[in-house]
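Descriptive structure summary
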Amino acid sequence: MASIKISGLSKRFGDVAVIKGLDLSIEDGEFISFLGPSGCGKSTLLYCIAGLEEINGGSIRFDGNEISDLGPRERNIALVFQDYALYPHMSVRDNIAFPLRQQKLDETTVAKQVAWAADVLGIEPLLDRLPAALSGGQRQRVAVGRAIVRNPSVLLMDEPLSNLDASLRVRMRTEIRKLQKELGITVIFVTHDQEEAMVLSDRIAVMNQGAVQQFAAPMEVYARPANRFVAGFIGSPQMNFLPAQICGGREGHVVGVRPHDLKPQPELAGDFTLKGELLLVEPAGPFQFLDVAVGDHIVRATCVDPAGLAPGDTVTLGAAREALRFFATDGGQCVNHQS
Amino acid sequence: MVCEERMTATTDTQGIEFSTPRRRAGRLPGFAYLTVAPTLILMVVIVALPLIYSLYLSFNSTNPITKRWIFVGLANYTKVFQSADFWWSLARTGYFSLLAVIGTTVFGTLFALVLNERFAGRGFLRSIVLLPWAMAPVSIGVLWSFVYAGNFGLLNGLLHDLGLGRYATAWFGDGFRALNLVALTQIWNQAPLTTLMLLSALQSMPANLHRAAVLDGAGPIKRFLAITLPWLKPTLLFSTIISTINAFMTFDIIWIMTRGGPGSATMTLSWLGYLQSFQFLKFGEGAAILYVLTILSLACAILYFFVLSPRRPKAAAAGTGEDTALEVVRARPAMVVMKPRIRRRIVSAATAKTLSRLFFRFSIVAIFVWSFLPVAALVFISLSPATDLIRTPPSIFPSTLTFENYRMVLMAEGTANVQAQRVPISLLNSFLIGSIVAVLNVGLGTFAGYGFARYAGNRFFSISLWALLLTRMVPALTLVLPFFVIFRSLGLIDTYPGMIIAYSTILMPLAAWMMKTAFETVPLSLERAALVDGCSRWTMFRKVLVPVVRPGIIAALIFCFLVSWNEFLFAMILTSTPRTQTIPVVIAGFLNQARFYEYGPLFAASVLAILPPVAVTFFFQRYLIQGALSGAVKG
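About the thresholds
Residue numbers here run from 1 along each chain, matching the order of that chain's written sequence. Labels are handed out in written order, letters beginning with A for the chains and numbers beginning with 1 for the ligands. Local features in this predicted model are restricted to residues whose pLDDT is 70 or higher, and side-chain atom pairs enter the listing and the counts only when it is 80 or higher, whereas totals over whole chains, interfaces and linings include all residues. A run of H or I in DSSP counts as a helix once it spans at least four residues, and a run of E counts as a strand once it spans at least two, with each numbered from the N terminus. Where each domain starts and ends follows an automatic or database-derived domain assignment. Residues are grouped as follows: Ala, Val, Leu, Ile, Met, Phe, Trp, Tyr, Cys and Pro are nonpolar; Asp, Glu, Lys and Arg are charged; all remaining types, including Gly, are polar. For our purposes the nonpolar core covers buried Ala, Val, Leu, Ile, Met, Phe, Trp, Tyr and Cys residues that link as a set through C-beta atoms within 7 Å. Working definition of burial: number of other C-beta atoms within 10 Å of the residue's own, with buried at 20 or more, exposed at 12 or fewer, and partly exposed in between, all C-beta atoms being placed from the backbone. Residues are defined as contacting one another if the C-beta atoms placed from their backbone atoms lie within 7 Å. Lines fitted to C-alpha atoms define the axes here, with helix axes fitted over just the stretch in contact, and angles between the N-to-C directions of these axes take values from 0 to 180 degrees. Crossings are classed by handedness, with left-handed meaning an anticlockwise turn of the near helix from the far one by less than a right angle and right-handed meaning a clockwise turn. Any two strands are treated as partners once DSSP identifies two or more bridges connecting them.

A short note on the overall build of chain A
Scanning chain A from terminus to terminus reveals eight helices and 18 strands. Dimensions of chain A along its principal axes, counting C-alpha atoms only, are 75 × 45 × 35 Å.

Structure representation (structure tokens):
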């Protein structure tokens, strides 16, 4: 277990700067997600921490000790790969034992430790199988087993759930969270799935274009996005963005309101109202989403009971003042305190 | 029940044309059989029947003068097994093959590991590495003969240039050394094939596997042994079989370099079989020896397969872990707290990195020198004046560069050298025969490849495909003997048709196999779409499939042409006049007819003979690689 402090980290591939002077401080035992669109540098950052990529500048400290000059073997980290990277010619048992044998542990300790990991993950019946004979979820478990078996100071996970089907993904993420709590291990989890990040993490580092946009607890990121990118990236369906003038805001600002905060109401009243033509009603289980044309913009709102609403109708939508977020048009910074 | 029945009914109607062949065996569309029929029938006629004929030959005693045949049963075999020559040749073949296979595999693996890394000029080096393999074996023989030649050879020249003249010697003078040097030449020629196969296996290896092993704490050597080697195992098995068979069948370079000599120091089984059959015209005994060689090839392939193929892992794993596992379960698993591991380094990280970079650079240079220097030397000799070749003391540096040798072989009217005059026409022959057999066999192979790819699950198709592959295990010498006998009586010796038939025995399975791999990449849905859109099978094949596999067709054409261009044995036995002789035969002819100071044209002709392979290596490399990987047929 270790705390991690990254400061001024930069990484280039040729002339392309993938990570530009990134700072991040992770506490011991935290579950951290790197969340961002593909190509935002989150996996590169993970590989830099793992030592699989060399960094061009800055420092990475585990528990205060500089490790960026060390090879991956000396950092005592484990990584669960997206494709699991199980050694195809070794049985599950040998796969899990592999990192232990590299440490030249005696076979009794190895067997004990493998049994422990198998017990934790519930994969004892699979120990003598080859990876090819496992299902996706089982492979996932074995990969996690191989990672935790040697008690790493940091466990890194590179989109480990993305190859699983939807229901299994939900189950596995609960298990991973439970396991992390049990072991008290520091985990860095890379994902592009915001739901996954929200559910799992103590804190989320939302990344875009090689920089951390916001690093905060999940609900903080959701409720108080630091900028327009974070606001748009977190939350589904996406936040509505409209020119701020529409509700009396300042020129050069954009107002954002989440569909879940925008609801039909009888008439123009309250802090924030919009009037437009209803285009479409999309049932989504507990809610119905409404697509409404307001001027040139299409705004998405929610309602629980769409009775009496038909496409073509004019509807009035309203939201509470607290639900509004204002962003500067250039730079996209959240400027709520100014308005 | 009802539901189930309906389900099957639906799948049946959907699958009338395409259902998995196993379920509907025997009810394949006629088109399926039609695609492979020409290839299979022709293979029976030109390969199976001649092989049976040569088996029959091996039970007969023939008298070359009276042309009388007497059935002697197993007497030829008995005679062969009782001759000391045979056992000595067998031992030599074994030694030669062992050396060649180990060398080919080790060098091939090293090259592949280096070429799998990223570095500037990797593509270029890959082309260079392929050169020794793409060249005609005859040119290789000529080149290395001159390297090791007694008085004026390149190696001795180099030694003199370095002031080490006292070490100069007649390299082929010592029998055992000659055998080793021929094996070295075989390794030089064959290692690139192993490299190619391993390289493609290495590139299909998931990158994360190595990353995971790095994180698990495995160093480079451990990673190679624990991760890379097991991954390469099936490919290594395959490449070992191929290089063993190629070593068994080595003929061209022996013919050019040593002709079994000095004495009988390089007399391998294939050379002995050749001598018996074509020098002493003892067809029966020759056939018997060649059949022994054939069976040896087959046995070796089977042996490797059983020794090296992956065993059922379950049994192995159960033995190791059983008792400890039980004990642990009783002891309640608990996490062992481990100390963070401090790695002991002998040298500092920076030094280690510099060292490994230096070592890597060195290996790149070494590979370049190994592959390219001999070829460059051949070009240089061909540009040297003839007198340079017999200088005393010898030197590797030409006194001047001249195109005189090329003038002699290409505009030969004025020269007295008969053999040189044959070069232009032989180049034309090689080109024509190569083009005809390539088009013919790739045409047939395109159909057959489709059938074999699409209906691989059907027993008829899988068995006939294996039969095709099995012809690879038959030494060409075993085939050339019945051809020689049959062609003599049919008057096909020294004719284009004769050559085309002979080459088709090699190229037909090769083309079918290459096209099969090409068709395997075409998704079945493409065919279904074409059929749904109203194509007949034939239209679908012509208008949809053939355009899609065009790169594969081009690859097969180029590869078949090259194999035919480089082929020596068939051409030598089955031609007798310049009318049909191909360039390798003419090159070999120089060695019979020319006097030593006339070797200039020989080298010029050898360089001309390697031009098409070199061009392909540099400009159509990927076709060549495709051929090598899917072909598995060419030596």
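Read on, since the account is not over.
With respect to the domain arrangement of chain B
Interfaces are often sized by the accessible area lost when the parts come together. All names here are of chain B. In terms of domains, chain B is made up of domain 1 (50-82 + 272-308), domain 2 (90-267 + 360-402) and domain 3 (405-635). Taken over C-alpha atoms, the centre of domain 1 sits 32 Å from the centre of domain 2. Those elements that provide at least two residues to the side of domain 1 that touches domain 2 are helix H12 (269-279) and helix H13 (283-308). Counted by class, the side of domain 1 that touches domain 2 contains eight nonpolar, one polar and no charged residues.

Thoughts on the nonpolar core
Grouped together as the largest cluster of nonpolar side chains are 270 residues, with contacts concentrated most on Leu156 of chain A together with Ala511, Cys560 and Ala605 of chain B. At 15 residues, helix H21 (residues 496-520) of chain B tops the list of elements feeding residues into this core. The residues touching alanine 605 of chain B, leaving out its near neighbours within four places in the chain, are Val409, Val423, Ile583, Val586, Ile587 and Phe590 of chain B.

A closer look at the packing of helix H2 (residues 30-57) of chain B against H21 of chain B
Residue and element names in this part refer to chain B. Viewed as axis vectors pointing N to C, H2 and H21 meet at an angle of 140°, and their least axial separation amounts to 10 Å. In this structure, the crossing between H2 and H21 has a hand that is left-handed. Residue-level inspection shows Thr39, Leu42, Met43, Ile46 and Val47 of H2 in contact with H21, the latter providing Ile501, Ser504, Thr505, Met508 and Ala512. Here the contact of H2 with H21 is composed, by residue class, of seven nonpolar, three polar and no charged.

Quick notes on the sheet that holds strand S1 (residues 4-13) of chain A
Residue and element names in this part refer to chain A. With respect to topology, four strands assemble into an open sheet ordered S2-S1-S4-S5, the strand pairing being antiparallel. At either end of the open sheet lies a strand with only one pairing partner, and these are strand S2 (16-26) and strand S5 (65-66). Where S1 lies against S2, seven bridges are found, and the strand directions are antiparallel. Paired with phenylalanine 13 across the two strands is valine 16, which belongs to S2. Contacting S1, S2 and strand S4 (57-62), helix H1 (residues 42-50) crosses the sheet at an angle of about 65° to S2.

Quick look at unusual backbone geometry
Residue and element names in this part refer to chain A. Along the chain, serine 236 connects to proline 237 via a cis peptide bond; the corresponding omega equals -5°. The residue proline 237 is located in the loop between helix H8 (228-233) and strand S11 (240-243) in this model. A positive phi angle, close to 60°, is found at lysine 104, a residue other than glycine. Secondary-structure assignment places lysine 104 in the loop between helix H2 (92-102) and helix H3 (107-121).

A word on the sheet that holds S11 of chain A
Two strands in a sheet stick together by hydrogen bonds in their backbones, pointing the same way (parallel) or opposite ways (antiparallel). Residue and element names in this part refer to chain A. Spatially, the three strands line up as an open sheet ordered S11-S12-S18, and their pairing is antiparallel. Sheet topology places S11 and strand S18 (325-328) at the edges, where each strand pairs with a single neighbour. Neighbour to neighbour, the strand axes of the sheet diverge by 30° on average, direction disregarded. Judged from the four bridges that link them, strand S12 (residues 253-257) and S18 form a sheet pairing that is antiparallel. Counted as the bridge partner of glycine 256 is arginine 325 from S18.

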